Amino acid sequence: MYNMSIFSFLCFLLVVCAVARAEVSLPHIFGDHMVLQRDQVNLVWGKADALESIIVTIAEQSHTTVADLDGRWSVELEPLLAGGPYELKVAGEHTAKNYKDVLVGEVWICSGQSNMKWPLSRSNHGELYALSANQPELRLITVPTVGRATAQDDFGGAWAVSSPGVASDFSAIGYYYGLRLQQTLGVPVGLIDCSWGGSTAETWIPRDRLEASGDYADLIERAEAKVSAYSDAIHEERLAQHRAWVAAGRPDPKVPWVNDPRTGNHRPANAYNGMLHPIQGYGMRGVIWYQGESNSGRGYQYRDLFPLVIQTWRDLWGQGDFPFYWVQLADFKEEVTMPSESYWAELREAQTMALALPNTGQVVIIDQGEGKDIHPRNKLTVANRLARIALARDYEYEVAYQNPRYASMLPDAEGLMVSFKNTSVEGLRAYDTQEVAGFTIAGADRVFVPAHATVIGTHQVKVWSDRVTDPVAVRYAWADNPVANLQDRNGLPVTPFRTDDWPGVSVESR
């Protein structure tokens, strides 16, 4: 009886131990059909039992590590040349993972808010481009929009080979951008859509980074006050209102979409915790970004906030100053021909200021917006302008990629002579009309008036007004939706600018 009890107990222990064994696991950023970044070290990580031995193999490589006491493990793959398909095998002591059809090439993260999230199917001619989306060397993965107060280790998603059905629902800008790179470079391209419509910049940054900067205590306090004032009961009431609104055909535009401040895309760090943290460290070339509409009333604050996003992501990835390219806000709302102050112009200005960071780039789309729609549908042009930057900067193709930008200003006999940099050899020109449109001019009284402008040579514009005898400042395309038409011969618009530093309408946001 005694021996039988010992035997039964030992059997019980064996069963318990077998049940307690955890499977080797990796986050869903790893999977069949994924693309690994070529020519650099790639991090592979996951979970297992504490102190379990892990072997990771791919191509000719084999790497061994041991999980720590929390069961976390990671290895670094040696650089691989573009190509494939390979199998990535991850074996523990009891279980294993085997990922097939793994390619090596170029990986880019596509992030921001709704204009980056905007699907191919809803862009201009998107259904036609989707018909040709059977692209075996273009791989796509979308991170679901999830906001969390604490950092998550995984997400629900999977890599897929580009096809009409897959591409139709993917980011239009991301798809067009990736396809342009893949067809030009002739190597596999992987795109990670990590964007969330309506998200603010601060939701993409860890809370401790915001707190450490010392500049965002009020922003965090306001967000947390909204969280404290919210409840499940309030949420259910708003959902019921929204369902009724939808059922009635949305007759009342004042009824808002339901955005739970606890898990929504305005709370600082929510998108980082729920979406970016699960992919943090995955090997990639760089980031394309389209965001700013939700911060448009806080242009002065964005001067520091946006660079903080860029630098934080670079710090967290540990890949140095990887490429970070963004889309400046398009024109939107009613067209403006008379001088005015503008929140959107100040946000665009803040975006341009971020070019002071190394290895950054900006595309200007002041000519692509729609006054009645915050989502311009011509995503192909936007993606091509982003691709120009990458092809020139990262892949050494000789293509024009820089929008002309303000360089300097000197008094002229009749007004001001404004000089530009980054102009094409053929110089600047007015698009669509004979006259240059979009300039305003002011004297010391700071009162701006519409100005005449004419192109001089290849890179200068003479600006004047009979109403201002002693001008000291000039602005170009300074409005939510300006009437402006100056571009270079490559069709790249001149970057909106102002020469003054007089306080703007969003100065209090800083």
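Residues numbered from 1 in each chain as written. Predicted model: local features only at pLDDT ≥ 70, side-chain atom pairs only at ≥ 80, totals over all residues. Heavy atoms only, no water.

## Brief notes about the overall build of the protein
Phase 1: Counting its regular elements, the protein contains twelve helices and 23 strands.
Phase 2: Along the three orthogonal principal directions, the C-alpha set of the protein runs to about 110 × 55 × 45 Å.
Phase 3: The proportion of buried residues among the 510 residues of the protein is 50%.
Phase 4: Counting contacts in the protein only where the partners sit at least 6 residues apart, residues at least 24 apart contribute 74% of the total.
Phase 5: For the protein, the computed accessible surface area is about 23,000 Å², with 52% contributed by carbon and sulfur atoms.
Phase 6: One way to put it: in the protein the 44 positive side-chain charges average out to a point 3 Å from where the 61 negative ones average out. (Helix = DSSP H or I, 4+ residues; strand = E, 2+ residues; numbered from the N terminus. Buried < 20%, exposed > 50% of the residue type's maximum accessible area, 1.4 Å probe, protein only. Contact = heavy atoms within 4.5 Å. Areas by Shrake-Rupley, 256 points an atom, 1.4 Å probe, with all protein chains shown as cover. Lys, Arg positive; Asp, Glu negative; His and termini not counted. Charge placed at Lys NZ, Arg CZ, Asp CG, Glu CD.)

## Observations regarding the side chain of Glu52
Phase 1: Residue placement: Glu52 occurs in the loop between β2 (42-47) and β3 (53-58).
Phase 2: One polar contact links the side chain of Glu52 to the main-chain amide nitrogen of Glu93, over a distance of 2.8 Å.
Phase 3: Setting aside anything within four residues of it in sequence, one finds Glu52 in contact with Ala22, Val24, Thr65, Val66, Ala67, Gly92, Glu93 and His94. (Polar contact = N/O pair within 3.5 Å; in protein donor to acceptor, adjacent residues only side chain to side chain.)

## Re the sheet that holds strand β19 (residues 452-456)
Phase 1: The sheet built from four strands is open, its strands ordered β14-β15-β20-β19 with antiparallel pairing. The sheet is open, and its two edges are formed by β14 (405-411) and β19, each paired on a single side. Within this sheet the neighbouring strands show an average axis-to-axis angle of 25°, counted without direction.
Phase 2: Relative to strand β15 (residues 416-421), β14 runs antiparallel, the two being bridged by six bridges. Bridging from a neighbouring strand, Arg405 pairs with Lys421 of β15. (Pairing = 2+ DSSP bridges. Axes fitted to C-alpha atoms, helices over the stretch in contact; angles between N-to-C directions.)

## Here's the deal with the environment of Ser195
Phase 1: On the secondary structure map, Ser195 appears in strand β10 (residues 189-195).
Phase 2: Among the residues examined, Ser195 registers a relative accessible area of 0% and is labelled buried.
Phase 3: Sequence spacing of Ser195 and Arg388 is 193 residues, and the spatial spacing of their C-alpha atoms is 22 Å.
Phase 4: The residues touching Ser195, leaving out its near neighbours within four places in the chain, are Cys110, Ser111, Gly112, Gln113, Met116, Lys117, Thr145, Trp204 and Met275.
Phase 5: A distance of 2.6 Å separates polar atoms of two side chains, one belonging to Ser195 and the other to Asp193.

## What to know about the pairing of β10
Phase 1: The buried count for β10 comes to seven of seven residues, which makes it a mostly enclosed element.
Phase 2: Here β10 shows a buried face lined by Val189, Leu191, Asp193 and Ser195 and a second buried face lined by Gly190, Ile192 and Cys194.
Phase 3: Two elements, strand β7 (residues 96-112) and β10, share seven bridges in a ladder whose sense is parallel. Of the residues in β10, the one forming a bridge with Glu106 is Val189.
Phase 4: As paired elements, strand β8 (residues 135-142) and β10 share five bridges and run parallel to each other. By the bridge assignment for β10, Leu138 is matched with Val189.

## Topic: unusual backbone geometry
Phase 1: Of the consecutive residues Gly84 and Pro85, the connecting peptide bond is found in the cis state with omega at 5°.
Phase 2: Here Pro85 lies in strand β6 (residues 83-91).
Phase 3: In this model, Ala59 sits at a positive phi of 50°, which is unusual for a non-glycine residue.
Phase 4: Mapped onto the elements, Ala59 comes out in the loop between β3 and β4 (61-66).
Phase 5: The backbone phi angle of Glu396 is positive, close to 60°, even though this residue is not glycine.

## What about helix α11 (residues 343-353)?
Phase 1: Summarising burial for α11: nine of the eleven residues are buried, a large majority.
Phase 2: Buried within α11 we find Trp344, Ala345, Glu346, Leu347, Arg348, Glu349, Ala350, Gln351 and Thr352.
Phase 3: Those residues of α11 that are buried are in contact with α10 (299-317), β12 (324-327), β13 (360-363), β14 and β23 (497-498).
Phase 4: In this structure Ser342 caps α11, since a side-chain oxygen of it lies 3.3 Å from the backbone nitrogen of Trp344.

## A few points about empty space enclosed by the protein
Rolled over the atoms, a probe sized like a water molecule indicates the empty space that remains.
Phase 1: For the coordinates displayed, the defined rule picks out one cavity of 30 Å³ or more.
Phase 2: The computed volume of the largest cavity comes to approximately 40 Å³.
Phase 3: A per-class count over the lining of the largest cavity returns seven nonpolar, one polar and three charged. (1 Å grid on protein atoms, 1.4 Å probe; cavity = no way out; pocket = protein on both sides within 12 Å on 5 of 7 lines; lining within 4 Å. Points joined across faces, edges and corners; volume = space filled by probe spheres on them. Nonpolar A, V, L, I, M, F, W, Y, C, P; charged D, E, K, R; others polar.)

## With respect to the confidence of the model for the protein
Phase 1: When the pLDDT values of the protein are averaged, the result is 94; 95% of them are 70 or greater.
Phase 2: Counted against residues more than four places away or in other chains, residues 9-19, with its pLDDT under 50, gives zero contacts. (pLDDT = per-residue confidence, 0-100.)

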